[in-house]
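# Understanding the architecture of this molecule
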Amino acid sequence: MPEGLEAEIWRSEIETVVGRTVVDAWVDERVAPPGFVGLVVGARLEGVRRAGKIVLIDTDGPTIGLHFGMTGRVLVDGVSAIDRLQYSSSRDDAQWDRLRLFTDAAGMPAVRLNDPRRLGRVTLDPDVSALGVDIFAVTPARMRRALGERRQAIKTVLLDQAVVAGLGNMCADEVLWWAGIDPRRPACALDEPDVARLATAIRRRLPVMMRRGGSHRGTLSPMVRSTCPPCERDGYPLRRDTIGGRTAVWCPHHQR
DNA sequence: CGGCATGTTTCGCC
DNA sequence: AGGCGAAACATGCC
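Residues numbered from 1 in each chain as written. Chains lettered and ligands numbered in written order. Predicted model: local features only at pLDDT ≥ 70, side-chain atom pairs only at ≥ 80, totals over all residues. Heavy atoms only, no water.

A word on unusual backbone geometry. With phi around 45°, Asp125 is a residue other than glycine that occupies positive phi space. For Asp125, a relative accessible area of 52% puts it in the exposed group. (Buried < 20%, exposed > 50% of the residue type's maximum accessible area, 1.4 Å probe, protein only.)

Have a look at this one:
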């Protein structure tokens, strides 16, 4: 589930608890730095930012970093903003909680990080300086500069968080589909119109997907990814390949 | 049951 | 040096 789009949705949710003070906290110590609870209890939540796929909660103490891995999600005051919007078979199981921040002594957690697969992490003052251009700040010029002369497949380069911060596997396939670019092409082989179409696809499609509920809500939905039906644009059968170790779904007819 | 999964990091081999 | 693939992490789901 979690790519930059989901992180942005959760960032926005967490804004509703800014101003409160953490009166108690619990964390799964396997995914957090030593001493985490002691450092955040008593802290006042002062703001919430996002850097790529990472949510950053600023306090009058340390900044709390939320990293979601493959299956992490956030619930604010007991509600998940995303699960209401999409079919989700995953249940709300407290045994998968990795972080709970309480702002009321006797209430439910204000912020919960719930992550069955436990690939997510909770960090303090995370270093985000190596991240590339954010998904919501992409322009053709920045895209060109970010891609550089890299010879790797464009799909692989798009997933590199130091190039574009916040794109995940599903969104990368989606924007390449919209831009009509073969995911296997070397990034350095893209010409100016290619880069412009790619930047435009990121700028135009990601907000649409986010309004619909996130990375699952593109043309290349999970169902489409698993069944590879005819391409919605031209009817040619979609194809599935492994590129850079990740599954890529694409249309060999219009993506060139 | 076998295989796959929205992510990241590490290790070994060119 | 840098690119690349495989493995590891951990567990639910089809």
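In this section: the pattern of salt bridges. A full pass over the atoms with the stated rule returns 19 salt bridges. We note a salt bridge from Glu8 to Arg50, for which the minimum N-O separation is 2.9 Å. Of this pair, Glu8 sits in helix α1 (residues 4-14) while Arg50 sits in strand β2 (residues 45-51), and the two are 42 residues apart along the sequence. With respect to class, Glu8 is no different from Arg50; both count as buried. (Salt bridge = Lys/Arg side-chain N within 4 Å of Asp/Glu carboxyl O. Helix = DSSP H or I, 4+ residues; strand = E, 2+ residues; numbered from the N terminus.)

Along any regular strand, the residues point their side chains to alternate faces of the sheet. Bridge count between strand β11 (residues 239-243) and strand β12 (residues 246-250): 5 bridges; the pairing is antiparallel. What sits directly across from Arg239, in β12, is Trp250. (Pairing = 2+ DSSP bridges.)

The domain boundaries assigned to chain A delineate domain 1 (4-124) and domain 2 (133-250). Relative placement of domain 1 and domain 2: their C-alpha centres are 28 Å apart. Taken together, the contact between domain 1 and domain 2 spans 13 residues of the former and 19 residues of the latter. Buried area between domain 1 and domain 2, both sides added, is near 1,200 Å², and the carbon and sulfur share of it is 56%. At the surface where domain 1 touches domain 2, the tally comes to 1 salt bridge. For Arg50, the salt bridge identified is with Asp134, shortest N-O distance 2.7 Å. Taken together, the elements giving at least two residues each to the side of domain 1 that touches domain 2 come down to α1 and β2. In terms of residue count, the dominant contributor to the side of domain 1 that touches domain 2 is α1 (5 residues). For the side of domain 1 that touches domain 2, the per-class residue count stands at 6 nonpolar, 3 polar and 4 charged. (Domains from an automatic or database assignment. Contact = heavy atoms within 4.5 Å. Buried area = accessible area lost by both parts, 1.4 Å probe. Nonpolar A, V, L, I, M, F, W, Y, C, P; charged D, E, K, R; others polar.)

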